[in-house]
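In case you want the letters, here they are:
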Amino acid sequence: MTGVFITVEGPEGAGKTTVLERIVKVLSQRGIDIVHTREPGGIAIAEQIRSVILNKENTDMDARTEALLYAAARRQHLVEKVIPAINRGAHVLCDRFIDSSLAYQGFARGLGVEEVGSINAFAIAEVMPDLTLLFDIRPEIGLARIHQHTEREINRLDLEDLSFHKKVREGYLYLAEKHADRIVVIDAEQKEEVVFQQALAKIEKVLS
Ligand code: TMP
């Protein structure tokens, strides 16, 4: 039996990473085979691409180059890690996937959802998540949170202005409406415990 592919999306400071870690811990303690991974990254080649994309010194990076690099990292991560895990029956919990590219590059960078969707269609070759949790938060609140957490490194995209991050959120909400069958919106401005419980409940439902 193949595993379930779940992705978690949201803007900076939505608390995805912390909540995901807690969910993975709980499910693993129940003996469920979970692969926790992230994009861009998760495997050596994609982590190398990540460091190029997010390097604050790469101020000259063209928007299409950026979109292609994310898609390239996605492809490698998918074939090297996600697909083998699903095929052996493990469930994959991935921090970010194609919706990040559609929201950040398609909407916020203004490349267009269709255009970014088509390079990603080439990259993913129809492997789509069974469930996507969208941690929704106003960018003012999300950005304030990341600046409080001094241990988190500020990357090239974090440095974009507020209007960019507002477009990211608009993009995500548009995608959630368009793909209501796959994307579940969770209000990430709630207390972490509540966000955790709601996210866990949705995941348990899809795993059962
Ligand atoms: P994070 O792993 O700390 O969330 O950082 C990844 C950054 O890359 C974040 O700002 C979102 C951005 N991103 C895109 O712009 N497009 C993508 O396709 C992905 C996966 C991430």
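Our structure's up above, just so we're on the same page.
Residues numbered from 1 in each chain as written. Predicted model: local features only at pLDDT ≥ 70, side-chain atom pairs only at ≥ 80, totals over all residues. Heavy atoms only, no water.

Asks: Account for the overall build of the protein chain, with residues named and values stated.
Replies: Across its full length, the protein chain holds eight helices and five strands. From first element to last, N terminus to C terminus, the protein chain shows the α and β order β-α-β-α-α-β-α-α-β-α-α-β-α. Here the C-alpha coordinates of the protein chain stretch approximately 45 × 35 × 35 Å along the principal axes. Here the protein chain holds 208 residues, and 48% of them are scored as buried. Of the contacts made within the protein chain by residues no fewer than 6 positions apart, 80% connect residues no fewer than 24 positions apart. Working note: accessible area of the protein chain is about 10,200 Å², and carbon and sulfur atoms make up 52% of it. Each charge class in the protein chain can be summarised by its mean position, and for the 26 positive and 32 negative side chains these summaries are 3 Å apart. (Helix = DSSP H or I, 4+ residues; strand = E, 2+ residues; numbered from the N terminus. Buried < 20%, exposed > 50% of the residue type's maximum accessible area, 1.4 Å probe, protein only. Contact = heavy atoms within 4.5 Å. Areas by Shrake-Rupley, 256 points an atom, 1.4 Å probe, with all protein chains shown as cover. Lys, Arg positive; Asp, Glu negative; His and termini not counted. Charge placed at Lys NZ, Arg CZ, Asp CG, Glu CD.)

Asks: How would you explain the site of the ligand if you had to name every residue and give the values?
Replies: Surrounding the ligand, one finds 16 residues, the nearest of these being Glu12, Tyr70, Arg96, Ser101 and Gln105. Interatomic distance of 2.4 Å between a side-chain N/O atom of Glu12 and an oxygen atom of the ligand. Burial of the ligand by the protein chains amounts to 93% of its free accessible area of 470 Å². Looking at which element gives the most residues to the shell around the ligand, the answer is helix H4 (residues 98-108), with four residues. In terms of residue class, the shell around the ligand is made up of five nonpolar, four polar and seven charged. (Near = heavy atom within 4 Å. Polar contact = N/O pair within 3.5 Å; in protein donor to acceptor, adjacent residues only side chain to side chain. Nonpolar A, V, L, I, M, F, W, Y, C, P; charged D, E, K, R; others polar.)

Asks: Explain the packing of aromatic side chains to me, using residue names and the numbers behind them.
Replies: Enumeration over the complete set of coordinates arrives at four aromatic pairs. Measuring from centroid to centroid gives 5.1 Å for Phe5 and Phe97, while their planes differ by 80°, and the two rings are edge-to-face. Of this pair, Phe5 sits in strand E1 (residues 5-9) while Phe97 sits in the loop between strand E3 (91-95) and H4; the two residues are 92 residues apart in sequence, bridging distant segments of the chain. Of the two residues, Phe5 and Phe97, both sit in the buried class. (Phe/Tyr/Trp six-rings, centres within 6.5 Å; stacked < 30°, edge-to-face > 60°.)

Asks: Quick one: what's the story with helix H5 (residues 113-124), residue by residue and with numbers?
Replies: Taking 1.5 Å per residue, 12 residues should reach 16 Å; H5 reaches 16 Å between its end C-alpha atoms and fits that length. Listed in full, the buried residues belonging to H5 are Val113, Val116, Asn120, Ala123 and Ile124. The arc that holds the buried residues of H5, viewed along the axis, is 85°, so those residues lie on one side. Opposite the buried face of H5, at more than 90 degrees from it, the exposed residues are Glu114 and Phe122. (Expected span 1.5 Å × (residues − 1). Arc of directions from axis to C-beta.)

Asks: How would you summarise the side chain of Lys16 if you had to cite specific residues and measurements?
Replies: Following the sequence through the fold, Lys16 ends up in helix H1 (residues 16-29). Looking at Lys16, its side chain comes within polar contact range of the side chain of Asp95, at 2.7 Å. Ignoring anything within four residues of it in the chain, the contact list for Lys16 reads Val8, Glu9, Gly10, Pro11, Asp95, Arg96 and Phe135.

Asks: For the sheet that holds strand E4 (residues 131-136), give the residues involved together with the corresponding values.
Replies: Spatial ordering of the open sheet is given by E2-E3-E1-E4-E5, a layout of five strands whose pairing is parallel. Edge positions in the sheet fall to strand E2 (34-38) and strand E5 (183-187), since each of these pairs with one other strand and no more. The sheet shows a mean angle of 20° between the axes of neighbouring strands, direction not considered. Here four bridges tie E1 to E4, and the two strands are oriented parallel to one another. Note on E4: the bridge partner recorded for Thr7 is Thr132. In the packing of H1 onto the sheet, contacts are made with E1, E2, E3 and E4, and the angle to E3 comes to roughly 165°. (Pairing = 2+ DSSP bridges. Axes fitted to C-alpha atoms, helices over the stretch in contact; angles between N-to-C directions.)

Asks: Lay out the environment of Phe5 with the relevant residues and their values.
Replies: Residue class for Phe5 comes out buried when judged on its relative accessible area of 1%. Along the sequence, Phe5 and Ile43 sit 38 residues apart, while their C-alpha atoms lie 17 Å from each other. What Phe5 contacts, discounting residues up to four positions off in sequence, is Leu78, Val82, Ile86, Val92, Cys94, Phe97, Val127, Met128, Pro129, Asp130 and Leu131.

Keep in mind that these numbers describe shape and distance, not what the molecule does.
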